[in-house]
Every structure is written in structure tokens, then in C-alpha cells.
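This is what each chain is made of:
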Amino acid sequence: MPFDLAARLAERHAAHLFRQRPLLDSPQVPLVQVDGRQLLAFCSNDYLGLANHPEVIRALQQGADKWGVGGGASHLVIGHSAPHHELEEALAAFTGRPRALLFSTGYMANLAAVTALVGQGDTVLEDRLNHASLLDAGLLSGARFSRYLHNDAVSLSNRLRKATGNTLVVTDGVFSMDGDLADLPNLCAEAKASNAWVMVDDAHGFGPLGASGGGIVEHFGLGLDDVQVLVGTLGKGFGTAGAFVAGSEELIETLIQFARPYIYTTSQPPAVACATLKSLELLRTEGWRREHLNKLVARFRQGAAEIGLSLMDSPTPIQPILIGDSERALKLSALLKERGLLVGAIRPPTVPVGSARLRVTLSAAHSEAQLEQLLAALAECWPQVRDDA
Ligand SMILES: *Cc1c(COP(=O)(O)O)cnc(C)c1O
């Protein structure tokens, strides 16, 4: 039977891989209203608590008053407004790079950068655990595509030796489902030795990492010579929406000229750029958000270890609890929900088979008391799942 969708859906159910969308009836805050209930959430990527910040909201409102709602057209036609341009200049200054280019989503920024830089006859090398948008971009590019072992400079080096044409090494900065950092000093050194370029997607590093929130490149003190293509997304630590690529004058001009996901799409609403200008200012200057977040991360890791939970090698607000089996991950998530806590179970194909997990994320908007509530609930629920195996 063609298009037997019912069978596909039933199969997904049976494998405990069916996904459901919690219906949110409140802003992104720790205490959310979901499916008619109030829950304490530990699964948002709003790491700094800026998504519902009054000053960011006011900047959006004032932006809408001045610039209206829609972007109106693509950047190349008549959709490139003054707030977009001002934000690009601010992001270039923030990242210490000659130029930055604004996109409507991180998914599109990744498709754009990879496909504009490599094609047939070239090579793209990616970490096995890269975000889906980077993997899709590599496949779409038509370049020879190969995945190296997670964060393994030796495995990368073996592949670099066989690479042909322009070679682009692509990695998450902070791995989105594990929370660990890319080993950029070593990966970049390997790439440099082979005349390859490095592209880093630091969707989860901007905001939480670096002295001024500049992400993994600020954390490691790397420049344009090490990371030629730097991607950030604005829907996570920045609390707004969109993404950017930062790099050399030539890189950005190449994207404007050749990147189809940049050219053939409407610009984001200019008021969103106004909001991001405000959130960028808060992200840079209010270091207390990072300090509080780091305190929460340390306390969570200590508390979770005492309970006997299996954590990953993560210094970031992404603190997954490794479970393994999808059904047990769902069960732990359900038990927490009964106690008023919302933590999503992440299952294959988002993560490798056998590595289902609860992806706990912390935010500067969480209080210490709220974190203690999570730890107490985990101490209660974990034994019921642990002994299930
Ligand atoms: C979320 C995410 C993206 C996609 O960004 P959007 O702006 O949400 O489309 C890209 N890369 C990584 C690593 C991400 O976590």
C-alpha cells in the first residue's frame, strides 16, 4: 500500500519513539503552564532568562511601533532594514570579526554556510554528534561527506589526509545533546595543518560561555585564523530568534552572493532584531547571569552524583542524565511530571540508539530553591527506574 502512514506511526509508538508536543500556555519562564498544569521546567534553551525579559520585550514593542511587523522581502530586494544592519554590526563587534550576517534561523544559517563554501569535488568533515542541521547541510552540499569520531582529533586527522578539494571541518561548539565542549584547540590545529577551514556552530555556547558570553571561541581564545566560520543562534542564550554567521569580509560577501538559504527567504521581522540588540547588551554586560548559572551547574552535578545518576562530561547548562533505554527515559520523565517537574526525554534518532536521556537544562532564571526541588524529585524517582532494568 503506498503511503502507509498509519503503519509508520504505529511502529514509532511501539518503539517508544513517538514524539508529542507539550502545549505551552505561558512565556519561557521556569514555572510554565503546560497542558493545563503548572510545571517547573528544566528543558528550555533560554539559558540566561532573556526570552521573557521586560527590557527585551519593550525593545520588541518599540521596534514594532517604528518598523512594523513583517520583514517584507528578502534582504537583497527590500527586506534589509536599519535594525538588521545595526544588529549585524553589533554582532561583528561582539565576536571580534570583520562582519556578521543575520539569518532567520540557525538551521538556515548552517545550510547556507556549508553549501556556499563546498560542493562537488570538495570535502566536508563533521563530528558524528553534530546537530542535524549541520549534517543535513553537509549532505545537501554535494561535497564528499564523512563523519569523524566524536571530538577525536586523531580520527579527524585520518580523514583530513584523504580529503580532496576545499575542505571544511564542521563541529558544534557545545554539543547540543551532551553539553560537552568541542576540543577546538586540537581540532583547529589539525585543520590548519591540512589547510582546511573550520566552521563552529556555537548555538549553545553564546551566552553561557566566555567572560562576556562570547561562547566557545572566547572561552578558548581562538580567532579568525582558527575558526574561519562562526555560527551563533539567537533563539537560545539570546532569548529571541534568528541566527548569524560571523567571519571575514570575503566570507560574508560570498554568503550574500551565493548562499541560497540566505537569498531566497524573507528577512526576519525588524522588531526581532531590535529585541536582539537589547538582549545582546544584557548578555554581554550582566555577568551575574553567567555566575549564577555556573553555580547552579556545579550544584546540580554534585547533587546528581550523590543520587547516583549518570551524568555526562559537561561544564555547561546542558546536563543530560544518561538512561540508555527509551522506555525507561520516558518513565523517569513521567514520574517527574507527576511531581510537577518538566524534563524532556531525548530519544533516538536525536541521540544514538541506546543512549536515551533526560536532557536537563539550567537557566539563570532558575532559583537555587527550584534546583533543590529538581534534585529532591530525582532522588525520589530515580530508584523506581534504576531497578526496572
Ligand atoms: C538549535 C540549534 C540549531 C538551529 O537553530 P534554530 O535557530 O533553532 O533553527 C542549530 N545548531 C545547533 C547546534 C542547535 O542546537
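Fair warning: this is a prediction, and the values are worked out from it, not measured in the lab.

1. Thoughts on the packing of helix H2 (residues 54-67) against helix H12 (residues 270-285)
The geometry of H2 relative to H12 is characterised by a closest axis approach of 7 Å and an angle of 150 degrees between their N-to-C directions. The angle between the axes of H2 and H12 places the two elements in the roughly antiparallel class. The handedness of the crossing between H2 and H12 is right-handed. From H2, Glu-55, Val-56, Ala-59, Leu-60, Gly-63, Ala-64 and Trp-67 reach across to H12, where they touch Pro-270, Ala-271, Val-272, Cys-274, Ala-275, Lys-278, Ser-279 and Leu-282. Within the contact of H2 with H12, the residues separate by chemical class into 11 nonpolar, 2 polar and 2 charged.

2. Overview of the domain arrangement of the protein chain
For the protein chain, the assigned domains are domain 1 (12-41 + 287-386) and domain 2 (54-285). Relative to domain 2, the C-alpha centre of domain 1 lies at a distance of 27 Å. Counting residues at the interface gives 17 residues for domain 1 and 19 residues for domain 2. Buried area between domain 1 and domain 2, both sides added, is near 1300 Å², and the carbon and sulfur share of it is 57%. Counting the contacts that link domain 1 with domain 2 gives 1 salt bridge.

3. Points about the sheet that holds strand S6 (residues 167-172)
Pairing within the open sheet is mixed, and its 7 strands lie in the order S3-S9-S8-S7-S6-S4-S5. Either end of the sheet is taken by a strand with one partner, and the two such strands are strand S3 (99-103) and strand S5 (144-148). Between one strand axis and the next, the sheet turns by 20 degrees as a mean value, whatever way the strands run. Of the strand pairs in this sheet, strand S7 (residues 197-201) and strand S8 (residues 229-233) are connected by 3 bridges, and their pairing is parallel. Note that in S8 the partner of Met-199 across the bridge is Val-229. Lying over the sheet, helix H7 (residues 153-162) contacts strand S4 (123-127), S5 and S6, oriented at roughly 160 degrees with respect to S5.

4. Here's the deal with the layout of surface pockets
Where empty space is left in the structure can be found by rolling a water-sized probe over the atoms. Looking at the largest pocket, its volume works out to about 1300 Å³. The wall of the largest pocket is formed by 47 residues, among which Gln-20, Pro-22, Cys-43, Gly-344 and Ala-345 lie closest to the centre. Elements that contribute at least two residues to the lining of the largest pocket include exactly helix H1 (5-14), strand S1 (31-34), helix H14 (326-338) and strand S12 (345-346). For the lining of the largest pocket, the element with the highest residue contribution is H14, accounting for 4 residues. The residue inventory of the lining of the largest pocket, partitioned by class, reads 20 nonpolar, 17 polar and 10 charged. Two domains each provide a minimum of three residues to the lining of the largest pocket, namely domain 1 (12-41 + 287-386) and domain 2 (54-285). Quantified by volume, the second largest pocket comes out at close to 330 Å³. Taken together, 15 residues make up the lining of the second largest pocket; nearest its centre are Leu-129, Asn-130, Pro-349, Thr-350 and Val-351. Three or more residues apiece are contributed to the lining of the second largest pocket by two domains, here domain 1 (12-41 + 287-386) and domain 2 (54-285).

5. Considerations on the UniProt feature "binding site: pyridoxal 5'-phosphate" (unreviewed entry) in the protein chain
What UniProt calls "binding site: pyridoxal 5'-phosphate" (unreviewed entry) maps, in this numbering, to Gly-106, Tyr-107, Ser-176, His-204 and Thr-233. The greatest C-alpha distance among the residues just named is 13.6 Å, despite their covering 128 residues of sequence, which places them together in space. Lining the largest pocket, from the residues just named, are Ser-176 and His-204. One can find Gly-106 in helix H5 (residues 106-117). Sequence-distant contacts of Gly-106, that is, excluding residues within four places in its chain, are made with Thr-233, Gly-242 and Ala-243. Structurally, the position occupied by Tyr-107 is in helix H5. Owing to a relative accessible area of 39%, Tyr-107 belongs among the partly exposed residues under this scheme. Setting aside anything within four residues of it in sequence, one finds Tyr-107 in contact with Ser-133 and Asp-136.

6. Details of empty space enclosed by the protein
Enumeration according to the criterion identifies 2 cavities of 30 Å³ or more in this entry. Considering the residues around the largest cavity, the lining is formed by Pro-208, Leu-209, Leu-293, Asn-294, Pro-315, Thr-316 and Pro-317. Every residue lining the second largest cavity is listed: His-75, Leu-102, Phe-103, Ser-104, Met-108, Pro-261, Tyr-262, Thr-265, Thr-266 and Ser-267. Elements with a contribution of two residues or more to the lining of the second largest cavity: S3 and helix H11 (260-263). Partitioning the lining of the second largest cavity into residue classes produces 5 nonpolar, 5 polar and no charged.

Each value, and the rule that gives it
Residues numbered from 1 in each chain as written. Predicted model: local features only at pLDDT ≥ 70, side-chain atom pairs only at ≥ 80, totals over all residues. Heavy atoms only, no water. Axes fitted to C-alpha atoms, helices over the stretch in contact; angles between N-to-C directions. Helix = DSSP H or I, 4+ residues; strand = E, 2+ residues; numbered from the N terminus. Parallel < 35°, antiparallel > 145°, perpendicular 65-115°, else oblique. Left-handed = near helix turned anticlockwise from the far one by under 90°. Contact = heavy atoms within 4.5 Å. Nonpolar A, V, L, I, M, F, W, Y, C, P; charged D, E, K, R; others polar. Domains from an automatic or database assignment. Buried area = accessible area lost by both parts, 1.4 Å probe. Salt bridge = Lys/Arg side-chain N within 4 Å of Asp/Glu carboxyl O. Pairing = 2+ DSSP bridges. 1 Å grid on protein atoms, 1.4 Å probe; cavity = no way out; pocket = protein on both sides within 12 Å on 5 of 7 lines; lining within 4 Å. Points joined across faces, edges and corners; volume = space filled by probe spheres on them. UniProt positions renumbered as here; feature names shortened; annotations may be inferred. Buried < 20%, exposed > 50% of the residue type's maximum accessible area, 1.4 Å probe, protein only.

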